[in-house]
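# Chain and residue survey
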Amino acid sequence: MRFARLSFILLECSILQRGWSSKALSKRIPTTAKDFRAKSGNGWCVDSNGIEQTARTFLKLGCRSVQNECEADDMCVAFACESSIGMSVLYTKTDCKANCGAVDWVNNPSLITAGSYNGSDKWSGSKCYVQSAVTDVKNEVAAGSTSLTVSDASFLAVGDGLRIYSEVKTITQIGSGGVIVVATPFAGSYRNGAKVMKVKTGRALRIALKGHASGCPPDATGANVAAGCSCNAGYSGTVAETQVQPYYSGSCSAIACPSNSNGLNVPSGCSCNAGYAGTVTATTAAPFYTSTCSTVSCPSNSAGQHVPAGCSCKAGYAGSVAAATTSPFYTSSCSAVTCPANSAGSPVNTVPAGCACNAGWSGSVSAVTSSPFYISSCAVVACPTKSAGANVPTGCSCNAGYSGSVSAVTSSPFYASSCQAVAC
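Notes on the structure in this doc start here.

Criteria and thresholds
- The residue numbering used here restarts from 1 in each chain and proceeds along that chain's sequence as written.
- For this predicted model, a pLDDT threshold of at least 70 governs which residues receive local features, and a threshold of 80 or more governs which side-chain atom pairs are given and counted, while totals over whole chains, interfaces and linings are taken from all residues.
- Computation of side-chain values covers all heavy atoms of the structure but excludes hydrogens and water.
- In what follows, a disulfide is any cysteine sulfur pair within 2.5 Å.
- Here the term buried applies to any residue with accessible area under 20% of the maximum for its type, exposed to any over 50%, and partly exposed to those in between, with areas from a 1.4 Å probe on protein chains only.
- Note on conventions: DSSP H or I runs of at least 4 residues are helices, E runs of at least 2 residues are strands, and numbering of each starts at the N terminus.
- Pairing between strands is defined by DSSP: at least two bridges between the two strands are required.
- Throughout, an axis means a line fitted to C-alpha atoms (over the contacting stretch in the case of helices), and angles, computed between N-to-C directions, take values from 0 to 180 degrees.
- We call a set of buried residues a nonpolar core when its members are Ala, Val, Leu, Ile, Met, Phe, Trp, Tyr or Cys and they connect through side-chain atoms within 4.5 Å of each other.
- The rule for a salt bridge is simple: a side-chain nitrogen of Lys or Arg has to be within 4 Å of a carboxyl oxygen of Asp or Glu.

### What to know about the state of the cysteines
As enumerated under the stated definition, the model contains 14 disulfides in all. Here cysteine 70 connects covalently by a disulfide to cysteine 76, the sulfurs 2.0 Å from one another. Across the disulfide from cysteine 70 to cysteine 76, rotation about the S-S bond amounts to roughly -100°, and the bridge is consequently left-handed. Cysteine 76 shares its class with cysteine 70; the two are buried. Linked covalently through their sulfurs, cysteine 298 and cysteine 311 form a disulfide whose S-S length is 2.0 Å. In this structure, the disulfide formed by cysteine 298 and cysteine 311 twists by about -85° around the S-S bond and is classed as left-handed. Residue cysteine 298 is found in the loop between β23 (294-295) and β24 (302-303), and its partner cysteine 311 is found in the loop between β24 and β25 (312-313); the two are separated by 13 residues along the sequence. Cysteine 311 shares its class with cysteine 298; the two are buried.

### Thoughts on the sheet that holds strand β11 (residues 167-174)
If you walk across this open sheet you meet the six strands as β8-β13-β10-β11-β12-β9, and the pairing is antiparallel. Two strands in the sheet have a free side with no partner beyond their single neighbour: β8 (134-136) and β9 (147-149). Averaged over all neighbouring strand pairs, the angle between strand axes comes to 40°, with direction disregarded. The pairing of β9 with strand β12 (residues 179-182) spans three bridges and is classified as antiparallel. Bridge assignment links threonine 149 to a residue of β12, and that residue is valine 179.

### Quick look at the nonpolar core
Grouped together as the largest cluster of nonpolar side chains are 18 residues, with contacts concentrated most on Cys45, Ala78, Tyr91 and Ile112. Of all elements in the fold, only β2 (44-46), β4 (78-82), β5 (87-91) and β7 (127-131) reach the threshold of two or more residues within this core.

### Regarding the pattern of salt bridges
Applying the stated criterion to the full structure yields five salt bridges. Ionic pairing is found between arginine 37 and aspartate 35, a salt bridge with its closest N-O pair at 3.1 Å. Here arginine 37 falls in the partly exposed class, since its relative accessible area comes to 45%. Here lysine 198 makes a salt bridge to aspartate 160, at a shortest N to O gap of 3.3 Å. Of the two residues, lysine 198 is situated in strand β13 (residues 195-199) and aspartate 160 in the loop between β9 and β10 (161-164); the sequence distance between them amounts to 38 residues. For the pair lysine 198 and aspartate 160, a shared accessibility class is recorded, and that class is buried.

Here it is as C-alpha cells:
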C-alpha cells in the first residue's frame, strides 16, 4: 500500500512538472453511454489489492468534463476526479501517460474495485467512476466470425458499438439468448468470459456525480448548477439542477431585438431602425433589455408625423427626406425654390419667403408641394388707353396728340399713365 501511494504521488508530481493536458472538449464529442457507477471509498481507482498500476492519463479538468472525455474514448473504462482542484485521471490506453503497458483494466473494468487516496489529502474528496455497461462472452468467438453470444444483451441495441479488447464493432442485429451480429468480422478470437463493453451509442447518459456540482450551461453564469445559475444579460430562461447528464434542465434563450430596432438578437447587439434615435442594452431582468429607440421629428423645411412615417418638403421647397441609422438619423435635401420668371422676392428671392410679380405684370406666385413647387399667374399688362406698345413691361408710348408717359408699377393696375390730350 505504501508503494502504491508513493508511486502515485511521484507520478503526479512528474505530471504536474510537465504540465497537465488541457484538451479542448469541442474536439471530442461524447458518443457513448457507458453507464458509469461510483465505487466505494474516496480517491483514485484501485484494484482489490489497493494498487493503481495501470494505463492512464491525466487531465486538468473537473468531473463533468472528464466524464465527457471518457465517454468519447472507446478505450476508456473509468475515471477519477476532484472538481475542487480541477484534476482528474482517465483509465485508458489512449494518449497514455503512465503504466501504458498495463492494460488489464482497459480489457476488464471489473478489476477496479474501489477508490483510495492513501493519505493524499487533495484527493480525499475525489471519486472513482467505472463503466458498468459490460457483459461477458458466453461462447468462444472465432477469428473471422461476425456473431457472438453474450451473457447479458439487455443494455445493447442495434446501432450500438461494442468492444472486446481493442476491437470495436457495430451491432447490426440482436437475437434471442444474447446472440449478437456485428457489421464486420472479428480479427481475433476470444475465449469465454472475455469482457464485452458498450461504446458509441446515442443513449442518454446515466451517471450521478454526487457531490460534484456541474458547471453552468452556455449563456448562463454562476459558480455551478447547485449554487444557482442565472441567464446572462439579454437571455431569458431558467436553469435547474438534475441528477442525469447534463445535470441541469432548462436553457437560456437569446431575446430577439425589440420593436423599432434590428440585429441578430439582444446579446449580439441591436441597433435602432433608420429614423430612430437611442440604444438597446441587454439586462438580466424582464424583458431582458432596455430600449430608448424613439422616432426622430421631421427636420426643418419639411412636414410629417416623424421621419420613420415619412416627411415631405414643405411647399416651396424642392428635395426629399430619407431615414438614416446615423445621427441625426435622417438625410434632407429640402431647399427653397427661387422665385420664378417675371417675379421677385425681397429681401430673399425664394418662393417660401414670398414672390411678387414684377412691375408691369399682374397675378401672383404661391408655394406648393409638387414640382415645380410654385404656381405663378404673372402675366404682362397691356398698354393702357391713350398709349401704344407691345405691353407695359416692354414699354408704352402716349398716342399721337397726347403728351405724358406710361411706367410699370407693382400695384394694380400695374402701370402709371399721364397721357393727356394736347390742347389745340
